[in-house]
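Take a look at the letters that make up each chain.
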Amino acid sequence: TSSSFKIIVMLLCLISIGIGGFYLTNNKRTQIVESKEENVEVKPETPNTEIKYQIYNNERFGFSVEVPSDFVPAHAFENNDGQGWNSPDGHLQLVVSGLYNTLQTDISDAKRKEIEKLGDSFSYEDEGNDWYRLGWYENNKNIIKKVFMGKGAINTIVFAISSDYVDKYEEIVAAIEESFKPGEL
């Protein structure tokens, strides 16, 4: 009985060592996998330099916006209605424009019609007294459109951001949008 007791104790020790080794090995594997997963997330790098802005003034409609100095002018509208720019890497497009509200369009009607036109791609809306903002997804881009509307004029700012770069440009988009000052509406 003494020898069978020793064998049982040895077996229990071996089983305990085996279970302990299995636990340690799996725990280390889990940690390695977790650290590998942390490195798998791909985020476009943002330079650690301070962004310099230039002011664009639209004389015809009186609006202004601050645009990063390294953005490349992409499209100038006829009759000085607005301007477009691209980020240096091409993953953010910005367009500002104005037009006269000759039909005296109501802000609620304009927003409703745009939402209907967007259909399933529409994702969110926000509004204030003289503006509304819409968001939607189109052609692998997140689109944000903010419209300022009055009886005399409509001023618009539109961002098109490549879906994989939304995080990279989040702060820049917020700064540009915040800097936008509508003209006499």
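Just above, that's the structure.
Below is a summary of the structure that appears in this document. What you are looking at is a predicted structure, and each value in this text was computed from that prediction instead of being measured.

## Considerations on the pattern of salt bridges
- Enumeration according to the criterion identifies 10 salt bridges in this entry.
- Here Lys111 and Glu127 are joined by a salt bridge, their closest N and O atoms 2.3 Å apart. With Lys111 in helix α2 (residues 107-118) and Glu127 in strand β6 (residues 122-127), this pair connects stretches of sequence that are 16 residues apart.

## Here's the deal with the sheet that holds strand β5 (residues 92-100)
- Pairing in this open sheet of 7 strands is antiparallel, and the strands run β3-β4-β5-β9-β8-β7-β6 from one edge to the other. The open sheet is flanked by β3 (72-76) and β6, the only strands paired with a single partner. Neighbour-to-neighbour, the strand axes of the sheet open up by a mean angle of 15°, direction not taken into account.
- Inspection of the sheet shows β6 paired to strand β7 (residues 131-138) by 5 bridges, in the antiparallel sense. Of the residues in β7, the one forming a bridge with Glu127 is Tyr132.
- Contacting β6, β7 and β8 (141-149), α2 runs over the sheet at an angle of about 5° to β7.
- Along the sheet face, helix α3 (residues 166-179) touches β5, β7, β8 and β9 (153-162) and points at about 165° away from the line of β9.

## Section: the nonpolar core
- If you look at the biggest cluster of nonpolar residues, it comprises 22 residues, and the most contacted ones within it are Val65, Val96 and Phe159.
- Elements supplying a minimum of two residues to this core: β2 (64-68), β5, β8, β9 and α3.
- By size, the runner-up hydrophobic cluster in this structure holds 11 residues, among which are Leu118, Ile143, Ile154 and Ala160.

## Here's the deal with the environment of Trp85
- Topologically, Trp85 is positioned in strand β4 (residues 82-86).
- Setting aside residues up to four positions removed in sequence, Trp85 forms contacts with Gln54, Tyr56, Val65, Val67, Phe71, Val72, Pro73, Ala74, Leu92, Gln93, Leu94 and Val96.

## Focus: the side chain of Thr156
- Summarising the element assignment, Thr156 is placed in strand β9.
- By relative accessible area, Thr156 is classed as buried at 10%.
- The residues contacting Thr156, other than those within four sequence positions of it, are Val95, Val96, Ser97, Lys145, Lys146, Val147 and Phe180.

## Some points on α3
- Its 14 residues give α3 an end-to-end C-alpha distance of 19 Å, which sits within 8% of 20 Å, the value for a rise of 1.5 Å per residue.
- Maximal helix bending in α3 amounts to about 30°, located at Ile172.
- Within α3, the full set of buried residues consists of Lys168, Tyr169, Ile172, Val173, Ile176, Glu177 and Ser179.
- If you follow the buried residues of α3, they end up packed against β1 (53-57), β2, β5, β7, β8 and β9.

Cut-offs and rules
Residues numbered from 1 in each chain as written. Predicted model: local features only at pLDDT ≥ 70, side-chain atom pairs only at ≥ 80, totals over all residues. Heavy atoms only, no water. Salt bridge = Lys/Arg side-chain N within 4 Å of Asp/Glu carboxyl O. Helix = DSSP H or I, 4+ residues; strand = E, 2+ residues; numbered from the N terminus. Pairing = 2+ DSSP bridges. Axes fitted to C-alpha atoms, helices over the stretch in contact; angles between N-to-C directions. Contact = heavy atoms within 4.5 Å. Core = buried A, V, L, I, M, F, W, Y, C linked by side-chain atoms within 4.5 Å. Buried < 20%, exposed > 50% of the residue type's maximum accessible area, 1.4 Å probe, protein only. Expected span 1.5 Å × (residues − 1). Bend = angle between axes of the 7 residues up to and from the residue.

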